[in-house]
Structure formats: C-alpha cells, structure tokens
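Single-letter residue listing:
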Amino acid sequence: MTGHEKGVPIQEMRRDKRVDPEHRMRLDAAIHRQGRGWLSGRDGGRPWQLSRTNRVVACLGALVILLLSSPLLLGLALIIKHTSPGPVLFVQKRTGYRGRKFGMFKFRTMVCNAEELKESLRHLNKHGADAIDFKIDKDPRITGIGHFLRRTSLDELPNLINVVTGDMRLVGPRPTSFNAYRYKDNHLARLAIYPGMTGLWQISGRSNIDFDQRVELDLSYIAEQSLLLDLKILLKTPFKVFSGHGAS
C-alpha cells in the first residue's frame with residue numbers, strides 16, 4: 001500500500017506515454033519471456049494471468065464479492081463521510097499491465113491535502129528519503145477511520161471495480177503509484193501480467209519489505225502462476241490482512 005494518496009480525474013487516465021519507442025523497447029526486452037500456455041504448457045500460448053479464463057473468473061468473482069459485501073461497503077462509506085471532510089472514494093493513478101496507467105478505486109483514508117504534505121514528510125520514509133517507494137509508519141495524514149481501513153485492507157475493497165472493468169485481476173503484483181519510467185530494468189518484468197488485489201506480497205510481509213523484495217516475490221509468482229496458486233493466495237489473504245501484520 002502506498003504511503004500517500006491523491007485523487008485524479010478519470011479523463012487524465014488517457015494520458016499514457018507507453019507508446020514512447022525507447023520505453024517500449026525496455027518493456028519488450030524485460031517481458032518477452034512470457035508466453036507459455038497455462039493449460040497446455042507449450043510455448044507461444046497464453047499464461048494463466050493473461051488468459052481469457054482468468055479474466056472471466058476474476059470478473060465473476062469480483063461481482064459476487066461486491067454483491068455479498070455491499071452492506072459492509074455502504075456502512076464504511078457512511079462512516080468515512082461522517083468522520084472527515086472529503087469524498088468517500090478517490091481514484092488514484094496507478095501503473096498496470098505493460099506500464100499502462102489506470103485509475104484505481106479506493107476508500108479515502110487520508111486528509112484531502114495529503115499530497116501537498118508529502119514532501120514535508122519525505123524524511124520519514126521508512127525505505128529512505130530517496131527510495132522509489134514512499135511509506136511512513138504512523139503517517140500523520142491518515143484519518144481515524146483510515147488507520148482501521150488500512151490495517152485491515154478494507155480500503156482496497158473498491159479495487160473490485162477495477163477487476164470488473166479489466167484493469168486488474170484478483171491475484172497479481174500490486175500496481176504502483178509511480179510510473180514505469182521510474183522502474184529499474186530488473187523491475188520491469190513485474191509488468192508482464194495484470195496487477196492484482198492481492199498477491200505473494202500481501203501474504204509475505206506487506207509494507208515490511210522494500211520494493212526490490214516485492215519485485216522478487218512478483219517474479220516468483222509470474223514464473224509459477226497457475227489457478228491453484230491463485231486459490232492458495234486468495235485463501236491465505238484474509239488471515240494475513242485482518243491480522244494487520246505489515247500494514248501501514
């Protein structure tokens with residue numbers, strides 16, 4: 001989970017620079033390795049994460065979860081609205097499949113001017129002031145209900161909307177708030193598949209590990225991706241996130 005949040009208009013999501021030829025070459029060089037069929041195991045096929053089966057299963061699963069959790073979503077929305085000024089939801093620009101930008105939906109957990117306060121708090125970044133990731137323990141910008149939402153990851157439930165629209169899957173690497181131009185070459189391979197609501201990072205330490213370690217977990221998942229692995233991750237996720245271990 002990122003240590004800051006800033007809502008952006010939906011129309012800004014169209015301003016995607018992934019057509020930059022030099023940048024496209026970096027991406028292609030990093031992710032060309034993907035191409036083994038998830039069912040047949042043969043080269044040239046679609047891996048599990050890029051298969052139409054995954055897309056359909058993830059969409060139907062997200063719709064079911066949205067339906068079943070609708071009373072909880074409504075209750076959280078009312079609490080957020082009545083405990084701090086500002087919108088209930090916000091759309092944050094994130095980096096997804098092949099470096100494409102999309103608007104990720106989340107419950108608001110910070111004060112409305114959180115982005116303006118970011119630079120004044122950069123020295124508190126737990127990964128270092130110049131680190132690519134920005135996370136602060138006990139971030140003063142987080143609202144009262146925001147602490148609870150982040151600790152339990154309930155703030156990420158609106159990500160289900162992104163799963164339905166196709167920008168995300170239920171399982172995969174978490175999308176970053178910084179764009180692919182800031183990725184090192186050895187980071188780019190994590191963009192070979194669609195980002196997910198949960199993944200190996202969520203069940204392996206969450207914000208207690210740095211970005212390089214997250215990339216290692218993402219590449220391990222990409223190499224081993226399968227329907228069975230996704231089911232294992234989905235079953236383990238609730239126990240990890242509701243314990244609050246590694247949340248920030």
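Residues numbered from 1 in each chain as written. Predicted model: local features only at pLDDT ≥ 70, side-chain atom pairs only at ≥ 80, totals over all residues. Heavy atoms only, no water.

Quick notes on helix 5 (residues 144-152)
Count 3.6 residues to each turn of an α-helix, and residues three or four apart come out pointing the same way.
So, point 1. Taken together, the buried positions of helix 5 are occupied by I145, G146, L149, R150 and T152.
So, point 2. Summarising the contacts, the buried residues of helix 5 are in contact with helix 3 (70-83), strand 2 (101-107) and helix 8 (227-241).
So, point 3. Sitting at the amino-terminal end of helix 5 is T143, which places a side-chain oxygen 3.0 Å from the backbone nitrogen of G146.
So, point 4. Count one or two residues on from helix 5 and you reach S153, which has phi positive near 65°. (Buried < 20%, exposed > 50% of the residue type's maximum accessible area, 1.4 Å probe, protein only. Helix = DSSP H or I, 4+ residues; strand = E, 2+ residues; numbered from the N terminus. Contact = heavy atoms within 4.5 Å. Polar contact = N/O pair within 3.5 Å; in protein donor to acceptor, adjacent residues only side chain to side chain.)

Regarding a nonpolar patch on the surface
So, point 1. Nonpolar side chains collect at one region of the surface, where W38, L39, L227, L228, L231 and L234 lie side by side and expose about 570 Å² of accessible area between them.
So, point 2. Within the secondary structure, L228 is located in helix 8. (Patch = residues over 30% accessible without salt bridge, like charges linked within 9 Å, V, L, I, M, F, W, Y side chains within 5 Å. Areas by Shrake-Rupley, 256 points an atom, 1.4 Å probe, with all protein chains shown as cover. Salt bridge = Lys/Arg side-chain N within 4 Å of Asp/Glu carboxyl O.)

Considering the nonpolar core
So, point 1. Among the nonpolar cores identified, the biggest contains 28 residues, and F107, L149, V163, L170, Y221 and I233 are the most heavily contacted of them.
So, point 2. Those elements that place two or more of their residues in this core are helix 2 (52-68), helix 3, strand 2, helix 5, helix 6 (159-165), strand 3 (169-171), helix 7 (211-224) and helix 8.
So, point 3. For L170, the residues in contact, after removing those within four places along its chain, are A58, L160, V163, G196, M197, T198 and L234.
So, point 4. In this structure, F178, Y183, L188 and L191 belong to the second largest nonpolar core, which totals eleven residues. (Core = buried A, V, L, I, M, F, W, Y, C linked by side-chain atoms within 4.5 Å.)

Notes on the environment of R100
So, point 1. Looking at the element boundaries, R100 is found in the loop between strand 1 (89-95) and strand 2.
So, point 2. Expressed as a C-alpha distance, the spacing of R100 and A180, which sit 80 residues apart in the sequence, is 8.4 Å.

A look at the UniProt feature "transmembrane region" (unreviewed entry) in the protein chain
So, point 1. Listed under "transmembrane region" (unreviewed entry) in the UniProt record, and renumbered for this structure, are residues 56-80.
So, point 2. Secondary structure over residues 56-80 splits into 96% helix and 0% strand, and the C-alpha atoms at its two ends are 32 Å apart. (UniProt positions renumbered as here; feature names shortened; annotations may be inferred.)

A word on the pairing of strand 2
So, point 1. Counting buried positions over the seven residues of strand 2 gives six, a clear majority of the element.
So, point 2. Note: strand 1 against strand 2, seven bridges, orientation antiparallel. Pairing of V91 across the sheet is with F105, part of strand 2.
So, point 3. Adjacent in sequence and paired antiparallel, strand 1 and strand 2 are bridged by five residues, among which R98 carries a positive phi angle near 55°. (Pairing = 2+ DSSP bridges.)

A word on the side chain of H187
So, point 1. Structurally, the position occupied by H187 is in the loop between strand 3 and strand 4 (196-198).
So, point 2. Residue classification places H187 among the buried residues on the basis of a relative accessible area of 2%.
So, point 3. Engagement of the side chain of H187 in a polar contact is seen with the side chain of D212, the distance being 2.8 Å.
So, point 4. In this structure H187 touches F211, D212 and V215, once residues within four positions along its chain are discounted.

Structural notes on the pattern of salt bridges
Pairing between side chains of opposite charge can happen when the charged atoms of each approach one another.
So, point 1. Throughout the structure, instances matching the rule amount to six salt bridges.
So, point 2. The partner of D155 in a salt bridge is K106, with the nearest N and O atoms 3.5 Å apart. Remark: K106 occurs in strand 2 and D155 occurs in the loop between helix 5 and helix 6; sequence separation between them is 49 residues. No difference in accessibility class separates D155 from K106, as the two residues are buried.
So, point 3. Notably, a salt bridge pairs R190 with D218, separated by 2.7 Å at the nearest N-O pair. Here R190, found in the loop between strand 3 and strand 4, pairs with D218, found in helix 7; they are 28 residues apart in sequence, far enough to count as distant.
So, point 4. With relative accessibility at 2%, the residue R190 sits in the buried group.
So, point 5. Residue class for D218 comes out buried when judged on its relative accessible area of 5%.

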